[in-house]
Amino acid sequence: MNYQHILNALPSDLPVGKVVCVGRNYAEHARELNNPVPDEPLLFIKPSTAIQTMQTPIKLTPQRGGLHYEAEIAVLINQTLTHASEAEALAAISGVGLALDLTLRDLQSKLKDKGLPWEKAKAFDGSCCLSPFVPADTVDLTQLSLKLWINGELRQDGHTDQMLRSVAALVSHISEWFTLQPGDVVLTGTPAGVGELYAGDQLKLQLSDLIEASAEVVV
Ligand code: ZN
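Residues numbered from 1 in each chain as written. Predicted model: local features only at pLDDT ≥ 70, side-chain atom pairs only at ≥ 80, totals over all residues. Heavy atoms only, no water.

S.K.: Honestly, the coordination of the zinc ion in this entry has me stumped. Any pointers?
M.R.: The reference angle at a metal is 109.5 degrees if four donors form a tetrahedron and 90 or 180 degrees if six donors form an octahedron. Taken together, Glu 70 (OE), Glu 72 (OE) and Asp 101 (OD) make up the protein donors of the zinc ion, found 1.9 to 2.1 Å from the metal. All donor residues of the zinc ion come from one chain, and their arrangement in sequence is E-x1-E-x28-D. Of this pair, Glu 72 sits in strand S6 (residues 71-77) while Asp 101 sits in strand S7 (residues 93-101), placing them 29 residues apart in sequence. (Donors = N, O, S within 2.8 Å, 3.2 Å for Na, K, Ca; no water. Helix = DSSP H or I, 4+ residues; strand = E, 2+ residues; numbered from the N terminus.)

Set out below in structure tokens:
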């Protein structure tokens, strides 16, 4: 399986890899969930089986509790990165796109309260919805805006200048812990405004003037 196969608009035949995500990379979002702003990036991983396109409807699972959206900027990696500098990290980013980091928030809260890992709340099948990517070579990754509307109402409105760590610094930091491989994706955190999804919700996302994507929620 490669990205052309699942997203059919990517400039890439890279294999579908893992997704490395960061929690609380926007201070305002950390505050809205009453979480402290971390000293270093809080990382977690979704397996390749979590990836689906935004064209695939988002299916609610009421028996698992509330499902929250987190709109994020995603970057696609096309080189192996281990202990990479920020410059090396930037050079290895071949695509930029939009992602929804879907989160079973009730389950995550329960697991957090018990001090248990969050995998079931964050890494389940379909938990990472991706838009088509555009080539990153002409994109300034420090000057991107990210917007999410639900049923026409603006819910998330972020900009890369609100990030605690830049995309390059984040990818460099990740490569200290987890080797990134061609086809891996990095999600760069969500701005404030996260919330629950309901059946029938129509989502529209925009990345600067580069990408527009939509998604819908079904039961
Ligand atoms: Zn997230």
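S.K.: Explanation requested: the sheet that holds strand S16 (residues 211-218) in the structure shown.
M.R.: Strand pairs in the sheet, formed through backbone hydrogen bonds, run parallel or antiparallel to each other. One open sheet holds the five strands; their spatial order is S4-S16-S15-S11-S12, and the pairing between them is mixed. Where the open sheet ends on each side, the last strands, each with one partner, are strand S4 (58-59) and strand S12 (153-159). In the sheet, strand S11 (residues 145-150) pairs with strand S15 (residues 202-207) via five bridges, with the strands oriented antiparallel. The residue of S15 that forms the bridge with Leu 146 is Leu 207. (Pairing = 2+ DSSP bridges.)

S.K.: I would appreciate a short explanation of the pattern of salt bridges in the present structure.
M.R.: Two side chains that carry opposite charge are able to pair once their charged atoms sit near each other. Taken as a whole, this structure holds seven salt bridges when the rule is applied. Here Glu 70 makes a salt bridge to Lys 122, at a shortest N to O gap of 3.4 Å. Taken together, the residues span a long stretch of sequence, with Glu 70 in the loop between strand S5 (67-69) and S6 and Lys 122 in helix H5 (residues 119-122) at a distance of 52 residues. Because the salt bridges share partners, they merge into one network encompassing Lys 46, Glu 70, Asp 101, Arg 105 and Lys 122. (Salt bridge = Lys/Arg side-chain N within 4 Å of Asp/Glu carboxyl O.)

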